[in-house]
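Fold and geometry: a report
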Amino acid sequence: LLPPMQSMLDSPDLEKEKPVLTGFAEMMECGVSHVSSNKDWPRIEEVLNERLGEAIYGDKSASDALDEAAAEAEKIIGA
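This text gives an overview of the structure that appears in the document. Bear in mind that the values here come from a model prediction, so they are computed numbers and not experimental data. (Residues numbered from 1 in each chain as written. Predicted model: local features only at pLDDT ≥ 70, side-chain atom pairs only at ≥ 80, totals over all residues. Heavy atoms only, no water.)

1. Considering the pattern of salt bridges
Scanning all chains against the criterion turns up six salt bridges. Between R51 and E54 there is a salt bridge, with the nearest N and O atoms lying 3.1 Å from each other. Of this pair, R51 and E54 both sit in helix 4 (residues 41-56), three residues apart, which is roughly one turn of that helix. Relative accessible area serves as the criterion here: at 12%, R51 is assigned to the buried category. According to the relative accessible area criterion, E54 is partly exposed, its value standing at 23%. A salt bridge links R51 to E72; its shortest N-O distance comes to 2.7 Å. Separated by 21 residues along the polypeptide, R51 in helix 4 and E72 in helix 5 (residues 62-78) bring together distant segments of the chain. When its relative accessible area of 26% is taken as the criterion, E72 is described as partly exposed. A single network of salt bridges, built from pairs that share partners, joins E50, R51, E54, K60, E68 and E72. (Salt bridge = Lys/Arg side-chain N within 4 Å of Asp/Glu carboxyl O. Helix = DSSP H or I, 4+ residues; strand = E, 2+ residues; numbered from the N terminus. Buried < 20%, exposed > 50% of the residue type's maximum accessible area, 1.4 Å probe, protein only.)

2. Considering the side chain of D40
Looking at where D40 falls in the secondary structure, it is placed in the loop between helix 3 (22-27) and helix 4. Setting aside anything within four residues of it in sequence, one finds D40 in contact with I76 and I77. (Contact = heavy atoms within 4.5 Å.)

3. Some details on the environment of E68
The residue E68 is located in helix 5 in this model. A sequence separation of 17 residues divides E68 from R51, and the C-alpha atoms of the two residues are 7.3 Å apart.

4. Structural notes on the packing of helix 4 against helix 5
At a closest axis distance of 9 Å, the pairing of helix 4 and helix 5 adopts a crossing angle of 165°. Viewed along their axes, helix 4 and helix 5 adopt a mutual orientation that is roughly antiparallel. Of the two elements, helix 4 crosses helix 5, and the hand of that crossing is right-handed. Only A62, A65, L66, E68, A69, E72, A73, I76 and I77 of helix 5 make contact with helix 4, whose side of the interface consists of R43, I44, V47, L48, R51, L52, E54 and A55. (Axes fitted to C-alpha atoms, helices over the stretch in contact; angles between N-to-C directions. Parallel < 35°, antiparallel > 145°, perpendicular 65-115°, else oblique. Left-handed = near helix turned anticlockwise from the far one by under 90°.)

Structure (structure tokens):
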């Protein structure tokens, strides 16, 4: 597993202790965290992933998948 903090990724100890992670750590410079403090986010993220999966596998268009995910997320937030 990659260390969860930038300071740990930048540490020279990473290369010494787990040299196989060096390349991955370099690629993480462009990584973005999707962490949210909204209590509903885990349910919304699950819906979004399911709808995007349907679009990726061609079961529906990307536009339809996003519209459906947005509608479902609004229901979750309003619940």
